[in-house]
Amino acid sequence: MRIYVFGDNTKPVILLLPGTCCHWKANFGEVIPLLEHDFHVTCVSYDGFDL
């Protein structure tokens, strides 16, 4: 498993867990840029579904 982080680490943390068995960018690629302005975004990438 890999963890990707985005945004300012002094802001509140939001954890994104892909609900379907696919690449994390397919689930959250469009949402992360919107969230990282207000949150420290942490996104999980499951084994076997990352590049």
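Since this is a predicted model, take the numbers as computed values, not measurements.

Rules used in this analysis
- Residues numbered from 1 in each chain as written.
- Predicted model: local features only at pLDDT ≥ 70, side-chain atom pairs only at ≥ 80, totals over all residues.
- Heavy atoms only, no water.
- Helix = DSSP H or I, 4+ residues; strand = E, 2+ residues; numbered from the N terminus.
- Contact = heavy atoms within 4.5 Å.
- Phe/Tyr/Trp six-rings, centres within 6.5 Å; stacked < 30°, edge-to-face > 60°.
- Buried < 20%, exposed > 50% of the residue type's maximum accessible area, 1.4 Å probe, protein only.
- Pairing = 2+ DSSP bridges.
- Axes fitted to C-alpha atoms, helices over the stretch in contact; angles between N-to-C directions.
- Core = buried A, V, L, I, M, F, W, Y, C linked by side-chain atoms within 4.5 Å.

1. Quick look at the side chain of T42
Secondary-structure assignment places T42 in strand β3 (residues 40–45). Residues contacting T42, with those up to four places away along its chain left out, are I3, Y4, V5, V13, I14, L15 and L16.

2. What to know about the packing of aromatic side chains
Per the stated rule, a full pass over the model turns up 2 aromatic pairs. Seen in terms of ring centroids, Y4 and W24 are 4.7 Å apart; in terms of plane orientation they differ by 25°. Their pairing is stacked. Here Y4 is found in strand β1 (residues 2–6), whereas its partner W24 is found in helix α1 (residues 24–28), with 20 residues between them in sequence. The class for Y4 is partly exposed, based on a relative accessible area of 22%. The class of W24 is buried, set by a relative accessible area of 6%. When the centroid spacing of 5.7 Å and the interplanar angle of 45° are considered together, the rings of F6 and W24 count as tilted.

3. Some remarks on the sheet that holds β3
Sheet architecture is open: 3 strands sit in the order β1-β3-β2, paired in mixed fashion. Taken across any chain shown, the strands that pair with only one partner, and hence form the sheet edges, are β1 and β2 (13–16). Between one strand and the next, the sheet's axes are offset by a mean angle of 20°, whatever the strand orientation. Pairing between β1 and β3: 5 bridges, direction antiparallel.

4. Let's talk about the environment of N9
Along the chain, the position of N9 falls in the loop between β1 and β2. Distance in space between the C-alpha atoms of N9 and A26 is 24 Å, their sequence separation being 17 residues.

5. Comments concerning the nonpolar core
Formed by L16, W24, F28, I32, L35, V41 and C43, the largest nonpolar core amounts to 7 residues. Elements represented by at least two residues in this core include exactly α1, α2 (32–35) and β3. Those residues in contact with L35 that sit more than four places away from it in its chain are I14, L16 and V41.

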